[in-house]
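# Understanding the architecture of this molecule
Chain by chain, the residues:
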Amino acid sequence: MLAPVPNTSSAVPQRAASPPAAQAAGGWRRTVLSIAVCAVVLGLGAALFGWLSSMKQPPPAREPFEKVYNVEVFDVVPTDLREVISGFGTARADRQVVLAAQVAGRIVEVHPDLKAGAAVRPDEVTVGPGGESVRSRGDVLLTIDPTSYEHQATLARNRLAEVDAELVRLRQEQANNERLLAKAREDLETIAAEYDRNVELAERGVNTASQLARAKLEMRTFEDSIIKHEGEADLFPLRIAHAEKKRATHETDLAIALEELSRTRVAPPFAASISEVLVEQGQFVQPGTPLVRLTDTSRIEVPVPITLDEFARFESRLRSEDFPRVELAENVTAAARWAGVLVRAAPVADERTRTILVYVSVDNGSHEAPLTPGAFVHARISGPVLERAIVVPRDAIVAGQVFVATPEGRAERRAVEIRRTLQSLAQVAAGVAAGEQIVLTNLDVLYNGARVHVESHQALSDVLARQRVRVVEFAGDLSEPGP
């Protein structure tokens, strides 16, 4: 059995608690010590910075210099320039016609080459070597059955022949009646003399009353015959005139029949190409039925809409028949392939678009590759000449001012007066003189009086060569032939 452990805690001596005054004194000592250490560190850092600063060498001083700007300039040269007015248009044939049937009937014959693209020619009359007229037969596109029209022509001829025979008979009867009338008058003179003798005998009592009455009756018979022949003589002119009117009517019927007969033969009215065939052989057609479309491509017309301001620049030339030359190309940037002349303008403008149509005539025979109707082309119309014009690139003008490179190598700011703009060019009315050089580059950093060095030059020809749509050209580039 274990014995109890004695309690020894009361035997350990207890530390006496520190008084509050002693604790406060120790905190102040620590604070003062920290401040002193920081001050020493800062002092040492300041001394070290001062020592390092004293060892730094000052940078070497550079002498000031003036910056020189390398620039490209445009040489100003007064030049005669011709305006070029551009527009688009669709080419069309100057002559195009749809031949229609003028008589009714069945198509009995067609041209062996009756198809689109075939060339056909009309009847032609030329002068032979001896001065005689030589008629050459052209192409017959198709033939409408002429049988009924031939019968009508024959009937009209027969009726005309009947009237001619009637006129011959009437004139013969008129001549016979005149002879009978002359004979009756002669007989009447004889009978009248016999009657007078019988009257004289009756007065002497030699002749009887019955003999006198018979002589008188016989004289009256011849008088009636004369009256009858004279009446018929008066009627013959009327009968002949009536027959002549009938003849004129039958002549008209014959002319109509022959005209309708000629219309059964359908021929081209001018040299052209077949652009469309609208019927077939064996088809029955009525008057007005479209048969063939013909297109004459020897001369092409291109309507081009332009603004009223552009039209005003050459309207006077049109009035004086000084027709401007026109170049045509497939598009804006392509080289010209065809040439024509502007021959007329529409009498009124389009009130919606404020444009007016001008018409360009192209002689297709003078071009190796003809202009096809329906082609969409870009037209370049030769406009008026700007004499001794001073033009500068528009990019060189900033807020109405340019920089001029002076002979002393300085940039001089100059205000300019712009008369008009010509795409990438501006025509200057004042502010720039001939022979001066207009700065084109470094315009964003240049200032008035800045020193410049000219590295390269641009001429007007260089600017014109870069124009996508030509609005001006040198005045000697185009000649102006008549239409």
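Residues numbered from 1 in each chain as written. Predicted model: local features only at pLDDT ≥ 70, side-chain atom pairs only at ≥ 80, totals over all residues. Heavy atoms only, no water.

## Observations regarding the overall build of the protein
From N to C terminus, the protein includes six helices and 24 strands. When the 483 residues of the protein are sorted by exposure, 33% land in the buried category. (Helix = DSSP H or I, 4+ residues; strand = E, 2+ residues; numbered from the N terminus. Buried < 20%, exposed > 50% of the residue type's maximum accessible area, 1.4 Å probe, protein only.)

## Let's talk about the pattern of salt bridges
Under the definition given, this model contains 25 salt bridges. The salt bridge partner of Arg169 is Glu173, with a shortest N-O separation of 3.0 Å. Of this pair, Arg169 and Glu173 both sit in helix H2 (residues 147-203), four residues apart, roughly one helical turn. Look at Arg169 and you get partly exposed, because its relative accessible area is 41%. When its relative accessible area of 30% is taken as the criterion, Glu173 is described as partly exposed. Ionic pairing is found between Glu244 and Arg171, a salt bridge with its closest N-O pair at 3.0 Å. (Salt bridge = Lys/Arg side-chain N within 4 Å of Asp/Glu carboxyl O.)

## What about the sheet that holds strand E9 (residues 265-266)?
Strand order in this open sheet of four strands is E9-E8-E4-E11, and the pairing throughout is antiparallel. Two strands in the sheet have a free side with no partner beyond their single neighbour: E9 and strand E11 (284-285). The sheet contact formed by strand E8 (residues 142-144) and E9 spans two bridges and is antiparallel. Paired with Thr143 across the bridge in E9 is Arg265. (Pairing = 2+ DSSP bridges.)

## Some remarks on the side chain of His111
Here His111 lies in the loop between strand E4 (105-110) and strand E5 (119-120). Non-local contacts of His111, meaning those with residues more than four positions away in its chain, are made with Asp139, Val140 and Leu141. (Contact = heavy atoms within 4.5 Å.)

## Structural notes on the pairing of strand E7 (residues 133-136)
Where strand E6 (residues 124-127) and E7 come together, four bridges link them in antiparallel fashion. By the bridge assignment, Val127 is partnered in E7 with Ser133.

## Looking at the environment of Ala202
Tracing the sequence through the fold places Ala202 in helix H2. In sequence terms Ala202 and Leu212 are 10 residues apart; their C-alpha atoms lie 7.1 Å from each other.

## As for the environment of Ile240
Within the secondary structure, Ile240 sits in helix H3 (residues 209-263). A residue is classified by how much of its surface remains accessible, and Ile240, at 10% relative accessible area, is buried. Separated by 66 residues in the primary sequence, Ile240 and Gln174 place their C-alpha atoms 9.5 Å from one another. Ile240 has contacts with Leu167, Leu170, Arg171 and Gln174, leaving out every residue within four places of it along the chain.

## Here's the deal with the sheet that holds strand E17 (residues 391-393)
Spatially, E17-E21-E20 is the arrangement adopted by the three strands of the open sheet, whose pairing is antiparallel. In this open sheet, the two edge strands, each paired with only one partner strand, are E17 and strand E20 (417-422). Neighbour-to-neighbour, the strand axes of this sheet turn through a mean angle of 35°, independent of strand direction. Examined bridge by bridge, E17 and strand E21 (residues 425-430) share three bridges and lie antiparallel to one another. Each bridged residue has a counterpart across the sheet, and for Pro393 the counterpart in E21 is Leu425. (Axes fitted to C-alpha atoms, helices over the stretch in contact; angles between N-to-C directions.)

## Considerations on the packing of aromatic side chains
Tallied over the full model, the rule gives three aromatic pairs. When the ring of Tyr69 is compared with that of Tyr447, the centres are 6.5 Å apart and the planes differ by 85°; the resulting orientation is edge-to-face. Within this pair, whereas Tyr69 is found in strand E1 (residues 68-75), its partner Tyr447 is found in the loop between strand E22 (437-439) and strand E23 (451-458), the two being separated by 378 residues in sequence. A relative accessible area of 12% means that Tyr69 is categorised as buried. The aromatic ring of Tyr359 is capped on one face by Arg344, whose charged end is 4.0 Å from the ring centroid. (Phe/Tyr/Trp six-rings, centres within 6.5 Å; stacked < 30°, edge-to-face > 60°. Lys NZ or Arg CZ within 6 Å of the ring centre and 35° of its normal.)

## Quick word on H2
Its 57 residues give H2 an end-to-end C-alpha distance of 82 Å, which sits within 8% of 84 Å, the value for a rise of 1.5 Å per residue. Downstream of H2 by a residue or two, Gly205 has a phi angle that is positive, lying close to 80°. (Expected span 1.5 Å × (residues − 1).)

## Some words on unusual backbone geometry
Note: most residues except glycine have negative phi, and most peptide bonds are trans. One non-glycine residue, Arg354, lies in the positive phi region at around 55°. Looking at where Arg354 falls in the secondary structure, it is placed in the loop between strand E14 (338-345) and strand E15 (355-363). Not every positive phi belongs to a glycine, and Ala399 is a case in point at roughly 55°. Structurally, the position occupied by Ala399 is in the loop between E17 and strand E18 (401-405).

## What to know about the environment of Asn364
Relative to the helices and strands, Asn364 resides in the loop between E15 and strand E16 (376-389). Here Asn364 falls in the buried class, since its relative accessible area comes to 7%. Excluding residues that lie within four positions of it along the chain, Asn364 makes contacts with Thr297, Ser298, Ile300, Pro370 and Leu371.

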